[in-house]
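Residues per chain, in single letters:
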Amino acid sequence: MTIPTLLLVGCGKMGGALMRGWVSSPTPPRIFILDRKLQDAPAGCTIFRTPEEITPDVKPDIIVLAVKPAGAEAMLSSLKTVLGERMNHTALLSVMAGKSCEKLASWCGRADMPVIRTMPNTPSCVGAGATGLYASPHVSQAQKDLAIRLMEQVGTVVSVPHEEDLRTVIAIAGSAPAYVFYLAELLEKVGQDFGLDAHASRALVRGMIYGVGKMLHELPEDAETLRKNVTSPNGTTAAALSVFMKEEHWPRLIPEAAKAAIKRSRELDD
Ligand SMILES: NC(=O)c1ccc[n+]([C@@H]2O[C@H](COP(=O)([O-])OP(=O)(O)OC[C@H]3O[C@@H](n4cnc5c(N)ncnc54)[C@H](O)[C@@H]3O)[C@@H](O)[C@H]2O)c1
């Protein structure tokens, strides 16, 4: 199989997570990076600071767009100028939480530009990402297969049938690591407030979340069964869950938080 060439545009928190995942995968793609701030890149990756620095030998199979949505139009306009005809032989893969395929294609100067929109998450940096992927009608099967293969190198990929579905992906997977990190922060604090030292509290909470992730990933049982297996009748877990499961707590707050993320993704489209 030929090694694909990527131009990674924006190598911050999400672009950087993808880059780390790719370079540590068994068959890394060839990566060129465009980022004005990045100091160091792994061996084999070339960094450009501005679009004008991109050298003529760069002919990407895929441009991975990982800047903030507000900077996308100006960036694509510069890339169009600098890459010229090379843009005719590439697909655009956006990881941005906003901006439609149609808008991105028009900013590339081609209504028929093949645009793939994805919503990955930062666990991609350790090869354990979860990505939703939507390919616009102008994407060829070969380009879609390549995009899926690239994102599978950094974790799980789910193709969604409608572009609009990506909003739900944001709410339950793209933004969601932050919810779990917040839970970890709160549990670690509880551990310390209730008498454990910081090291012990951190080790226990991290070990617990790692174990839960591994069980969810590896075991066939659904989450409800795994939860019930922890919950002895009238035991300690039932006591704690009776707080979380009150109608006005997690059952209301989790969908409310998801709706807030979805609402914000609509605003980022404008
Ligand atoms: N952070 C996440 O967890 C996450 C998850 C999924 C999707 N995303 C999406 O990824 C995108 C980037 O988010 P992030 O959190 O990585 O932001 P970030 O600010 O960490 O990264 C953006 C990078 O782009 C570079 N950049 C911006 N404008 C540039 C320009 N004109 N020239 C050269 N370099 C430029 C910056 O130097 C920076 O390193 C967003 O669109 C966001 O919606 C983020």
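In this text, all values refer to a predicted model and were calculated from it rather than measured experimentally. (Residues numbered from 1 in each chain as written. Predicted model: local features only at pLDDT ≥ 70, side-chain atom pairs only at ≥ 80, totals over all residues. Heavy atoms only, no water.)

## What about the pattern of salt bridges?
Part 1: Under the definition given, this model contains 11 salt bridges.
Part 2: In this structure, the salt-bridge partner of Glu 163 is Arg 117, at a minimum N-O distance of 2.9 Å. Separated by 46 residues along the polypeptide, Glu 163 in the loop between strand 8 (155-159) and helix 5 (165-174) and Arg 117 in strand 6 (residues 115-119) bring together distant segments of the chain.
Part 3: For the salt bridge of Glu 164 with Arg 266, the shortest nitrogen-to-oxygen distance reads 3.0 Å. With a gap of 102 residues between them, Glu 164 in the loop between strand 8 and helix 5 and Arg 266 in helix 10 (residues 250-269) connect regions that are remote in the sequence.
Part 4: What makes Arg 266 partly exposed here is its relative accessible area of 43%.
Part 5: Overlapping salt bridges, with partners in common, bring together Glu 164, Arg 167, Arg 266 and Asp 269 in one network. (Salt bridge = Lys/Arg side-chain N within 4 Å of Asp/Glu carboxyl O. Helix = DSSP H or I, 4+ residues; strand = E, 2+ residues; numbered from the N terminus. Buried < 20%, exposed > 50% of the residue type's maximum accessible area, 1.4 Å probe, protein only.)

## Some details on the site of the ligand
Part 1: Taken together, 19 residues are adjacent to the ligand, and Lys 13, Met 14, Asp 35, Val 67 and Ala 97 come closest.
Part 2: Contact between the ligand and Lys 13: an oxygen atom at 2.9 Å from a main-chain N or O atom of the residue.
Part 3: Residue Asp 35 places a side-chain N or O atom 2.6 Å away from an oxygen atom belonging to the ligand.
Part 4: Across the complex, the protein chains shield 80% of the 820 Å² of accessible surface that the ligand would expose by itself.
Part 5: Counted by class, the shell around the ligand contains 11 nonpolar, 3 polar and 5 charged residues. (Near = heavy atom within 4 Å. Polar contact = N/O pair within 3.5 Å; in protein donor to acceptor, adjacent residues only side chain to side chain. Areas by Shrake-Rupley, 256 points an atom, 1.4 Å probe, with all protein chains shown as cover. Nonpolar A, V, L, I, M, F, W, Y, C, P; charged D, E, K, R; others polar.)

## Here's the deal with the UniProt feature "domain: Pyrroline-5-carboxylate reductase dimerisation" (unreviewed entry) in the protein
Part 1: With numbering matched to this structure, UniProt assigns "domain: Pyrroline-5-carboxylate reductase dimerisation" (unreviewed entry) to residues 163-268.
Part 2: Annotated as 80% helix and 0% strand, the span residues 163-268 places its first and last C-alpha atoms 15 Å apart. (UniProt positions renumbered as here; feature names shortened; annotations may be inferred.)

## Considerations on the pairing of strand 2 (residues 30-34)
Part 1: Counting buried residues in strand 2 gives 4 out of 5 residues, a clear majority hidden from the surface.
Part 2: Here 5 bridges tie strand 1 (residues 5-9) to strand 2, and the two strands are oriented parallel to one another. Bridge assignment links Leu 6 to a residue of strand 2, and that residue is Ile 31.
Part 3: In this region the chain leaves strand 1, passes through helix 1 (residues 13-23) and returns to the parallel neighbour strand 2; the handedness of that crossover is right-handed.
Part 4: One ladder, built from 3 bridges, connects strand 2 with strand 3 (residues 46-48); its direction is parallel. (Pairing = 2+ DSSP bridges. Right-handed = clockwise from strand over helix to strand, strands pointing away.)

## Regarding the layout of surface pockets
Part 1: What the second largest pocket holds in volume is close to 1100 Å³.
Part 2: Lining the second largest pocket are 36 residues, with Lys 13, Met 14, Ala 66, Val 67 and Lys 68 positioned closest to its centre.
Part 3: Elements with a minimum of two residues in the lining of the second largest pocket: helix 1, helix 5, helix 6 (176-193) and helix 10.
Part 4: If one sorts the elements of the lining of the second largest pocket by residue count, helix 10 sits on top with 4 residues. (1 Å grid on protein atoms, 1.4 Å probe; cavity = no way out; pocket = protein on both sides within 12 Å on 5 of 7 lines; lining within 4 Å. Points joined across faces, edges and corners; volume = space filled by probe spheres on them.)

## Thoughts on the nonpolar core
Part 1: If you look at the biggest cluster of nonpolar residues, it comprises 31 residues, and the most contacted ones within it are Leu 7, Leu 65, Leu 79, Leu 92 and Leu 104.
Part 2: Going through the elements one at a time, strand 1, strand 2, strand 4 (62-65), helix 2 (72-83), helix 3 (101-107), strand 6 and helix 5 are the ones with two or more residues in this core.
Part 3: Each residue touching Leu 92, except ones within four places of it in the same chain, is listed here: Ile 63, Leu 65, Leu 76, Leu 104, Cys 108, Met 113, Pro 114, Val 115 and Ile 116.
Part 4: Counting 29 residues, the second largest nonpolar core, distinct from the first, contains Leu 8, Cys 45, Ala 91 and Leu 93. (Core = buried A, V, L, I, M, F, W, Y, C linked by side-chain atoms within 4.5 Å. Contact = heavy atoms within 4.5 Å.)

## With respect to the packing of helix 6 against helix 7 (residues 198-218)
Part 1: Where helix 6 meets helix 7, the closest approach of the two axes is 9 Å, and the angle between their N-to-C directions is 145 degrees. As helix 6 packs across helix 7, the resulting crossing turns out to be right-handed. Within the contact between the two elements, helix 6 uses Val 180, Ala 184, Leu 187, Glu 188, Gly 191 and Gln 192 and helix 7 uses Ala 198, Ser 201, Arg 202, Val 205, Arg 206, Met 208 and Ile 209.
Part 2: Here the residues of the contact of helix 6 with helix 7 are counted per class, giving 7 nonpolar, 3 polar and 3 charged. (Axes fitted to C-alpha atoms, helices over the stretch in contact; angles between N-to-C directions. Left-handed = near helix turned anticlockwise from the far one by under 90°.)

## Topic: the sheet that holds strand 6
Part 1: A sheet is described by the order of its strands in space; here 8 strands give the open sequence 3-2-1-4-5-6-7-8, paired in mixed fashion. The two strands at the open ends of the sheet, each matched to only one other strand, are strand 3 and strand 8. Ignoring strand direction, the axes of neighbouring strands in this sheet form an average angle of 25 degrees.
Part 2: Contacting strand 1, strand 2 and strand 4, helix 1 crosses the sheet at an angle of about 160 degrees to strand 2.

## Concerning a nonpolar patch on the surface
Part 1: The grouping of Leu 183, Leu 187, Met 208, Val 212, Leu 216, Phe 244, Met 245, Trp 250, Leu 253 and Ile 254 at the surface amounts to a nonpolar patch, some 850 Å² of accessible area in total.
Part 2: For the nonpolar patch, the secondary structure elements donating two or more residues are helix 6, helix 7 and helix 10.
Part 3: Note on placement: Val 212 falls in helix 7.
Part 4: The partly exposed category is assigned to Val 212, whose relative accessible area is 39%. (Patch = residues over 30% accessible without salt bridge, like charges linked within 9 Å, V, L, I, M, F, W, Y side chains within 5 Å.)

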